Amino acid sequence: MIIFIILPILSWSVVAANLNVANLNGLKAQFQTAIKSFSDIASLHYTLAGIKELGVQLPDSYCDNINKLVDKLNVESIYHATEASKTLVNCKLPVEDYRATLTAVLQSEDSKTAELYFAVRSSVILGITVDESKIEKRLNLLAKTDDSVVSQGYALLTGAQLSQTIAKSYADTINDLVQQADEIDGSILQYEGGIGATALIFNAFYEVAEKAGVPVKIDSKQLIKFATYFSSKRHVATLRSAYYLTKIFKHLSDNKNQVPVVVSRISPSAISPQNPSVLVSVTNILGQPVGEMSVVAESAKRKEDGVVVISKQKLISKASDFSVYELPFYDTKIPRGFYTIHLTLTARNEGKLIGLTDNMVYRDNTAQAKTYKLSYPNGQTDKLELDYHQKLTIKFQIKDKQSDEFVRVQQAFLRFTNKKSNKEIIYLAEPSDGANSQYKVEVDLITNANDFRHQSDTYELVLILGDSLLQTAYEWKLNNNVQLTFHEESLADKNHQKLYLPRPEIIHQFREDEKRPHNVVSLVFSALTALPLLVLLILWLKIGFNLSGLPLGLSPLGFHISHAAVFALMFFYWKCLNMFQTMRYLALVCIPLFLFGHRVLATLAARRAKKV
């Protein structure tokens, strides 16, 4: 087995501001794949239009596919067909085949904003005249019933198809719609609905502004946040989103609009005396040069303590089109560490460039890379020192002695063992694709510091190989004296044995009874409750009972018994019954009470009638 231990002890990384150059190659590949196989008119439309936006003109033979796939009774299908035909040089669709459907949608009171846009746009492409005042009134009515951002986006797109005066009235609403965007992490703006909705609405801003003959009224900071969101989309799921992204990137790179400037690293990540500079590109979002710039490194601060090592240093132009600039940075006097470089750009020619300030470059400076080559079973005898700025990369291959071929094993691990505590940290070695089957393990002491609990100490480094075809596993001691140094204070080891100890008993405690008033208070209130009954009895005794009017018979007796039963039931509810039981018994008692009570009242009424 042959092993290489690579220490990138001098590593640099440059990260521009959040804005990135658009992934045009990815979009182009997506369209080229789609054009080989499409099953619906919408896919054909977005593919043809997207490829044309990227500068590729497809043959007119696709006109036959348009006529085959279009549904002449569906306004959205007609819209996709007309847009697709517009991308070809000579593809004219039969206007009369679509006139009835488009007219019906334009005149219908049930048409939604999207359907109205499809009909208006298709009519414009086919040369069918539309009643603009009626369309405007319909849009105003729809705005009252559907105020979603997507509906507002379609309204802007529809306004872009009408007269310049109407388009200008819609262009004036762009800022209001911008304010409805959701801000994420203070760096991007997007609309609810994701990339599809955001791209459609943002494209509508430019189309309606272009028709109105006015600039897009978006604050430069907000525009940068939108551009950051779009440039972060390296891959999109649908052809529709890919098409709108392509159009947006062209809008953001058009010099008649505000153009976001993208600052990105193009120099290698590893810096050495042979490669001592940071190279940055200054382009628009399509990767095209934006003209001569004055690029100044305002400061280079060390992340740990804020020490400034560079101030007001001008970068040197390295390309004739002023798209690449160089910052000499390698200096043995600059201490190792992480640095943030703030760049400020000033355009030589007046234009509409934005994003020229607050560009940042991050630099990681330590020492020069070292590489060690080992062969099994020999290990490294020298002490190996690594600090928190560095990475340890181990690459190795396994060769069969008999066949002299490189082989793979089922298990390959790299083990760090703390020589004091015997704590083990194990990393998996991943094989690469290909016949050579090279394995690689990378340990970054910044991102993996928690694995070591930030414990600066001496470790043993061992490579472990195992396979079902091997009689015994291999343990190759690569180095017995690896000194790791971490920046933060060490953390105590977790006691894993505690995981299997019994947990403390959980004793449930019921809530303590609330304090109740003294018994005298309860008795007084009980007496007050019974006081009306006592008053009634006293009055009866004083006035006298009038029993002469009491009718005799079964009904009066049943009525009084039922009435008494109700009072008895109230007593039992107070003493022992719950509400549901009481209601059930009360329903039974109320039946005879009602019947007997009705007979008693009828008898009394008959007596009074005889006396009269």
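Calculation rules
Residues numbered from 1 in each chain as written. Predicted model: local features only at pLDDT ≥ 70, side-chain atom pairs only at ≥ 80, totals over all residues. Heavy atoms only, no water. Helix = DSSP H or I, 4+ residues; strand = E, 2+ residues; numbered from the N terminus. Contact = heavy atoms within 4.5 Å. Areas by Shrake-Rupley, 256 points an atom, 1.4 Å probe, with all protein chains shown as cover. Buried < 20%, exposed > 50% of the residue type's maximum accessible area, 1.4 Å probe, protein only. Arc of directions from axis to C-beta. Salt bridge = Lys/Arg side-chain N within 4 Å of Asp/Glu carboxyl O. Pairing = 2+ DSSP bridges. Phe/Tyr/Trp six-rings, centres within 6.5 Å; stacked < 30°, edge-to-face > 60°. Patch = residues over 30% accessible without salt bridge, like charges linked within 9 Å, V, L, I, M, F, W, Y side chains within 5 Å. Axes fitted to C-alpha atoms, helices over the stretch in contact; angles between N-to-C directions. pLDDT = per-residue confidence, 0-100. Core = buried A, V, L, I, M, F, W, Y, C linked by side-chain atoms within 4.5 Å. UniProt positions renumbered as here; feature names shortened; annotations may be inferred. Polar contact = N/O pair within 3.5 Å; in protein donor to acceptor, adjacent residues only side chain to side chain.

Quick question: what am I supposed to make of the overall build of the protein here?
Across its full length, the protein holds 16 helices and 23 strands. Long-range pairs, those at least 24 residues apart, make up 71% of the contacts in the protein between residues at least 6 apart in sequence. Of the accessible surface of the protein, which amounts to about 35700 Å², a share of 54% is contributed by carbon and sulfur atoms.

How should helix H9 (residues 164–171) be read in this particular structure?
For the α-helix, the turn length of 3.6 residues means that residues three or four positions removed from each other point alike. What H9 keeps buried is the set Ile-166, Ala-167, Tyr-170 and Ala-171. Looking straight down H9, one finds that the buried residues subtend no more than 140 degrees of arc, so they occupy a single side. The inward-facing, buried residues of H9 contact helix H7 (132–145), helix H8 (149–159), helix H10 (174–178) and helix H11 (194–212).

I would appreciate a short explanation of the pattern of salt bridges in the present structure.
Where charged atoms of side chains with opposite charge meet at close range, the side chains can pair. Going through the model one piece at a time under the given rule, you end up with 16 salt bridges. Between Glu-53 and Lys-250 there is a salt bridge whose closest N-O contact spans 3.4 Å. Linking Glu-53 in helix H2 (residues 41–53) with Lys-250 in helix H13 (residues 239–253), this pair joins segments that are 197 residues apart in sequence. Judged by relative accessible area, Glu-53 falls into the partly exposed class, the value being 24%. One salt bridge in this structure joins Glu-96 and Arg-99, with 2.9 Å as the shortest N-O distance.

Looking at this structure, how should I read the environment of Asp-400?
If you trace the backbone, Asp-400 turns up in the loop between strand E16 (391–399) and strand E17 (406–407). Of the residues examined, Asp-400 reaches a relative accessible area of 30% and is grouped as partly exposed. Residues contacting Asp-400, with those up to four places away along its chain left out, are Glu-405 and Val-407.

Is there a simple way to think about the pairing of strand E6 (residues 277–283) in this case?
In summary, the side chains of a regular strand alternate between the two faces of the sheet. Taking burial as the measure, the seven residues of E6 include six buried ones, the bulk of the element. Bridge analysis of strand E5 (residues 262–265) against E6 gives four bridges, and the strand direction is antiparallel. Counterpart to Val-262 in the pairing with E6 is Thr-283. As defined by bridge partners, E6 adjoins strand E10 (residues 324–328) across five bridges and the pair is classed as antiparallel.

Help me out: how do you make sense of the packing of aromatic side chains in this one?
Each aromatic ring pair is characterised by the separation of its centres together with the angle its planes make. Going through the model one piece at a time under the given rule, you end up with 26 aromatic pairs. Each ring, one from Phe-416 and one from Tyr-459, has its centre 6.5 Å from the other, and the planes form 80 degrees; the classification is edge-to-face. Pair noted here: Phe-416 is in strand E18 (residues 411–418) and Tyr-459 is in strand E22 (residues 457–466), with a separation of 43 residues, a long-range link. For Tyr-459, a relative accessible area of 1% gives the class buried.

Explain a nonpolar patch on the surface to me, please; I cannot follow it from the model alone.
A cluster of nonpolar residues, Val-520, Val-521, Val-524, Phe-525, Leu-528, Leu-531, Leu-534, Val-535, Ile-538, Leu-539 and Ile-543, forms a patch on the protein surface that exposes about 1000 Å² of accessible area. On the secondary structure map, Val-520 appears in helix H14 (residues 519–543).

Before we go on, may I ask you to explain the sheet that holds strand E15 (residues 384–387) in this structure?
In space, the five strands of this open sheet follow the order E15-E23-E22-E18-E19, with mixed pairing throughout. This sheet does not close on itself; its edge strands, each paired only once, are E15 and strand E19 (424–428). Neighbouring strand axes in the sheet, compared pairwise and without regard to direction, differ in orientation by 30 degrees on average. Two strands pair when backbone bridges link them, and E15 and strand E23 (residues 474–485) are joined in this way by four bridges, in the parallel orientation. Residue Glu-385 lies in a different strand from E23, and its bridge partner there is Gln-483.

What exactly am I supposed to notice about the environment of His-454 here?
Relative to the helices and strands, His-454 resides in the loop between strand E21 (439–444) and E22. Once residues within four sequence positions are removed from consideration, His-454 is found in contact with Ala-449, Phe-486, Glu-488, Glu-489, Ser-490 and Leu-491.

Sorry, what's going on with the confidence of the model for the protein here?
Reading fine detail from the predicted coordinates is not recommended where pLDDT is low. Counting all residues, the mean pLDDT for the protein is 85, and 90% of those residues have values of 70 or more. Counting interchain partners and residues more than four positions distant, the pLDDT-below-50 stretch residues 1–17 has 97 contacts.

I'm lost on the nonpolar core in this one. Help?
Soluble globular proteins: nonpolar side chains tend toward being buried together. Ranked by internal contacts, the top residues of the largest apolar core, which has 88 residues, are Ile-66, Ile-174, Phe-202, Phe-205 and Phe-230. Top element by residues in this core is H11. It accounts for 11 residues. Leu-384, Ala-412, Tyr-427 and Leu-484 belong to the second largest nonpolar core, which has 29 residues in total.

Could you clarify how one ought to interpret the sheet that holds E6 in this entry?
Two orientations exist for strands paired in a sheet by backbone hydrogen bonds: parallel and antiparallel. Here we have four strands laid out as an open sheet, ordered E5-E6-E10-E9, and antiparallel in their pairing. Sheet topology places E5 and strand E9 (316–317) at the edges, where each strand pairs with a single neighbour.

Where do I start with the UniProt feature "transmembrane region" (unreviewed entry) in the protein in this structure?
Mapped onto the present numbering, the UniProt feature "transmembrane region" (unreviewed entry) falls on residues 520–541, 553–573 and 585–606. A helix fraction of 100% and a strand fraction of 0% characterise residues 520–541, whose end C-alpha atoms lie 30 Å from each other. Helix makes up 100% of residues 585–606 and strand 0%, whereas the separation of the span's terminal C-alpha atoms amounts to 33 Å.

Just checking my understanding: could you explain the environment of Val-407 for this structure?
Note on placement: Val-407 falls in strand E17. On the basis of relative accessibility, which here comes to 28%, the residue Val-407 falls in the partly exposed class. Here the alpha-carbon distance between Val-407 and Gln-438, two residues 31 residues apart in the chain, equals 9.2 Å. Look past the residues within four positions of Val-407 in its chain and what remains in contact with it is Ile-398, Asp-400, Ser-437 and Tyr-439.

Honestly, the side chain of Ser-122 in this entry has me stumped. Any pointers?
Relative to the elements of secondary structure, Ser-122 occurs in helix H6 (residues 113–126). In this structure the side chain of Ser-122 is engaged in a polar contact, spanning 3.4 Å, whose partner is the backbone nitrogen of Tyr-79. Looking at Ser-122, its side chain comes within polar contact range of the side chain of Thr-82, at 3.4 Å. If we ignore the near neighbours within four places in the chain, the residues touching Ser-122 are Ile-78, Tyr-79, Thr-82 and Leu-102.

Sorry if this is basic, but what is going on with the pairing of E10 here?
Of all five residues that make up E10, four are buried, and the element is covered over most of its length. The antiparallel hairpin formed by E9 and E10 contains six residues in its connecting segment, where Phe-322 sits at a positive phi of about 60 degrees.

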